[in-house]
Amino acid sequence: MGQYRYSLTHDVCGPGSIGVFKREFGQNAKVWDPTKIVIIPDHYIFTTDKLSNRNVDVLRDFAREQKLPYFYDVIDDPNGHWTFNPARGQLARQYGSRYQGVCHAALPRRGHARPGEVLFGTDSHTCMAGAFGEFATGIGNTDAGFILGTGKLLVKVPETMRFYLEGELPRGVMAKDVILHIIGDIGFDGATYRAMQWEGPGVKAMNIDDRMTIANMAIEAGGKNGIFPADEKTFAYVDGHIKANGTKNNYDPVELDKNQKFIFDRVYNLCELEPTVAMHPNPGNRALAKTLEYVKLNRAYIGSCTGGKASDFIAFAEVVNGKRVYIETYGVPATSEVVQELKETKISGNSVWDVLVDSGVQMTENASCAACLGGPQDTFGRLNAPLTCISATNRNFPGRMGSKESKVYLASPYTVAASALTGHVTDPREFIG
Ligand code: SF4
């Protein structure tokens, strides 16, 4: 599949991959194709941690040296150094005009996701780009170093599990509930080194954001990749973003093989799903939100590649509009573009951003991974104590969001919002008309 291969990296794994590339190919070596490398710093950005700041500088030096056109720097000065200024606080924007935010959310928006292609990224959630009908998978720094030098990687073709979705999502149920339900079914290792292929009328009815949410979490079941066959919605989205960004505008979508064999093939009726939660300590530890009212919470969090899209915040705002959150609640848009969208989109005459702030959500303009991956101690929203948090993110192994003693419950933006209002895990249908 896919004649066209490209690679993605960020501030955590980029410097290591560059180190492997230089060690193996030489200090003065050139990358195999500068136009096929996308670098998006996003993980440990808004922190005073000097080594994290330096990682961004390493990426900038490499992009300049290799003349990489798709480096989305934090700052505008190509010869500058990135430092975070804590005196300006965590909430106000501290980035330049090219900065994007979380790589997986930014990649398609910047016109780098196309059906039929192959994407290797130094991040396990690279599988999110499978929403666009491409083979997208996470790799390590060593593989990435060799890809920088050769553009090649030996990969075993995964067996395929088919998830055939019928029906429509009921009120209060989101794409996040679908993937949490299915990981609960197959287990957090249930798709290990397999492709998770999504088909059926339920998939056709889903918008691109929903498909991204689901594809993103293939890795939470151990999947090699998640894949949604490209359709007219995919083409409209991809073509629009290619045009807006002037990126490569030809691609060759792959058709479904009618004789394809599956190692697993199951039909799910979306109408039967209810708001679902993955309990501490893993994404497969499933329960219905309505059965977890006894779980008291200290913290709610909305953000990340899977849960920090504009549509996620709009869903959250629908629930909290005109109300006050009861527990500390942090909101981190996935990308700088999402920040803009939330300020421009209105609900009942107010911007979504204002609705969220007025309800007590601490919203930062500094789009990034933030506390999804814990990060340095001063990371916005990090669980620095043994807290119990409900989160719209994608992974809840112990220590993922900070303290190893904290407990993270994964849920949809609706469920996180409803739980933020009550202080315990809450079925959002109580709050949705
Ligand atoms: S938002 Fe979280 S899951 Fe997504 S790339 Fe960043 S750390 Fe990984």
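Numbering of residues starts from 1 in every chain and runs along the sequence as written. Under the rules for a predicted model, residues below a pLDDT of 70 receive no local features and side-chain atom pairs below 80 are neither given nor counted, while totals for whole chains, interfaces and linings still include all residues.

J.: Please clarify how the environment of Ser52 should be interpreted in this entry.
T.: Looking at the secondary structure, you find Ser52 in helix α2 (residues 50–66). Contact between two residues is assigned when their C-beta atoms, built from the backbone, lie within 7 Å. Sequence-distant contacts of Ser52, that is, excluding residues within four places in its chain, are made with Tyr44, Thr47 and Pro376. Every helix listed is a DSSP run of H or I at least four residues long, and every strand listed is a run of E at least two residues long, numbered separately from the N terminus.

J.: Can you help me understand helix α13 (residues 413–422) in this one?
T.: An α-helical turn contains 3.6 residues, so any two residues separated by three or four positions project in the same direction. Summarising burial for α13: 9 of the 10 residues are buried, a large majority. To sort residues by burial, count the other C-beta atoms lying within 10 Å of each one's C-beta; a count of 20 or more means buried, 12 or fewer means exposed, and anything in between means partly exposed. C-beta atoms are built from the backbone. For α13, every residue scored as buried is listed here: Pro413, Tyr414, Thr415, Val416, Ala417, Ala418, Ser419, Ala420 and Leu421. Those residues of α13 that are buried are in contact with β9 (276–278), β11 (299–303), α9 (304–307), α10 (310–320), β12 (328–332) and β16 (388–391).

J.: Teacher, can you tell me more about the pairing of strand β1 (residues 5–9) here?
T.: A regular strand carries its side chains on alternate faces of the sheet. With 4 of 5 residues buried, β1 lies mostly within the body of the structure. Strands qualify as paired when DSSP identifies two bridges or more between them. Here 4 bridges tie β1 to strand β3 (residues 118–121), and the two strands are oriented parallel to one another. Bridge assignment links Tyr6 to a residue of β3, and that residue is Leu119. In terms of strand pairing, β1 meets strand β2 (residues 37–39) through 3 bridges, oriented parallel. Residue pairing in the sheet places Thr9 in a bridge with Ile39 of β2.

J.: Help me understand the environment of Pro15, please; the structure alone is not making it clear to me.
T.: Checked against the element boundaries, Pro15 lands in helix α1 (residues 14–25). Taking the C-alpha atoms as reference points, Pro15 and Ala317, 302 residues apart in sequence, are found 38 Å from one another. Beyond its immediate chain neighbours, meaning those up to four positions away, Pro15 contacts Asn55 and Val58.

J.: Where do I start with the site of the ligand in this structure?
T.: Close to the ligand lie His43, Val102, His104, Asp123, His125, Ser304, Cys305, Cys369, Cys372, Leu373, Thr393 and Asn394, which account for all nearby residues. For this classification, Asp, Glu, Lys and Arg are treated as charged, while Ala, Val, Leu, Ile, Met, Phe, Trp, Tyr, Cys and Pro are nonpolar and the rest, including Gly, are polar. Taken together, the residues that form the shell around the ligand break down as 5 nonpolar, 6 polar and 1 charged. For each domain, the first and last residues come from an automatic or database assignment. For the shell around the ligand, the two domains that each supply at least three residues are domain 1 (5–150) and domain 3 (276–430). For each residue, a C-beta atom is placed from the backbone, and the residue counts as near a molecule or strand when that atom lies within 6 Å of it.

J.: Would you mind showing me how to read helix α11 (residues 336–344) here?
T.: When we look at burial in α11, the residues that qualify are Ser336, Val338, Val339 and Leu342. Here the buried residues of α11 occupy an arc of 155° about the axis, which is enough to place them on one side. Structurally, α11 contributes buried residues whose contacts are with α10, β14 (350–351) and α12 (352–358). The arc in question is formed by the directions pointing from the helix axis toward the C-beta atoms.

J.: Can you walk me through unusual backbone geometry in this structure?
T.: Most peptide bonds take the trans form, and the phi angle of most residues other than glycine is negative. Put simply, His280 and Pro281 share a cis peptide bond, and its omega is 10°. Assignment of secondary structure puts Pro281 in the loop between β9 and β10 (286–288). For Tyr193, which is not glycine, the phi dihedral falls at a positive 50°. Of note, Tyr193 is situated in the loop between α5 (175–186) and β6 (194–199). Not every positive phi belongs to a glycine, and Ser348 is a case in point at roughly 45°. Note that Ser348 resides in the loop between β13 (346–347) and β14. Judged by the 9 C-beta atoms lying within 10 Å of it, Ser348 falls in the exposed class.

J.: Even after reading the chapter, I still don't get the packing of α1 against helix α4 (residues 141–150), so can you show me in this structure?
T.: Angle between the axes and distance between the axes are the two parameters that describe a pair of packed helices. It is at 7 Å that the axes of α1 and α4 come closest, and there the two elements cross at 55°. Taken together, α1 and α4 sit at an angle that is classed as oblique. α4 is crossed by α1, and the crossing has right-handed handedness. On the side of α1, the interface is formed by Gly16, Ser17, Val20, Phe21, Glu24 and Phe25, while α4 contributes Asn141, Thr142, Ala144, Gly145, Phe146, Leu148 and Gly149. For the contact of α1 with α4, the residue count by class is 6 nonpolar, 6 polar and 1 charged. Lines fitted to the C-alpha atoms define the axes, with helices restricted to the stretch that makes contact. Angles between their N-to-C directions range from 0 to 180 degrees. Roughly parallel means an angle under 35 degrees; roughly antiparallel, over 145; roughly perpendicular, 65 to 115; everything else is oblique. Crossing chirality is assigned from the near helix's rotation relative to the far helix, an anticlockwise turn below a right angle marking it left-handed and a clockwise turn marking it right-handed.

J.: Honestly, the domain arrangement of the chain in this entry has me stumped. Any pointers?
T.: Many descriptions give the size of an interface as the accessible area lost when the pieces come together. Here the chain is described as being made up of domain 1 (5–150), domain 2 (159–272) and domain 3 (276–430). Just the C-alpha atoms count here: the centres of domain 2 and domain 3 sit 23 Å apart. With 16 residues of domain 2 at the interface, the matching set in domain 3 holds 23 residues. Per-class residue counts for the side of domain 2 that touches domain 3 are 5 nonpolar, 6 polar and 5 charged.

J.: What's the story with the packing of α1 against α2 in this structure? I'm lost.
T.: Interhelical geometry of α1 versus α2 gives an angle of 45° and a closest axis separation of 9 Å. Between α1 and α2, the interaxial angle falls into the category oblique. For α1 against α2, the interelement crossing comes out left-handed. Listed contacts from α2 to Gly14, Pro15 and Ile18 of α1 are Asn55, Val58, Leu59 and Phe62. Residues belonging to the contact of α1 with α2 are distributed by class as follows: 5 nonpolar, 2 polar and no charged.

J.: Honestly, the environment of His280 in this entry has me stumped. Any pointers?
T.: By the secondary structure assignment, His280 is in the loop between β9 and β10. With 18 C-beta atoms counted inside 10 Å, the residue His280 sits in the partly exposed group. Not counting residues up to four positions away in its chain, the partners in contact with His280 are Asn396, Lys407, Val408 and Tyr409.

J.: In this structure, what is going on with the pairing of β16? I would like to understand it.
T.: With 3 bridges connecting them, β11 and β16 associate as parallel partners. The residue bridging Ala300 from the neighbouring strand is Ile390, located in β16. In this structure, β16 lies alongside strand β17 (residues 407–410), joined through 4 bridges in parallel fashion. Within β17, the residue paired with Ile390 across the bridge is Tyr409.

J.: Teacher, can you tell me more about the nonpolar core here?
T.: Looking at soluble globular proteins, one finds that nonpolar side chains tend to be buried together. Residues Ile183, Val277, Phe316, Leu356, Tyr409, Val416 and Ala417 are the most contacted members of the largest nonpolar core, which totals 133 residues. Setting aside residues up to four positions removed in sequence, Phe316 forms contacts with Ile302, Leu356, Pro413, Val416 and Ala417. We define a nonpolar core as a collection of buried residues of the types Ala, Val, Leu, Ile, Met, Phe, Trp, Tyr and Cys that are connected via C-beta atoms lying within 7 Å of each other.

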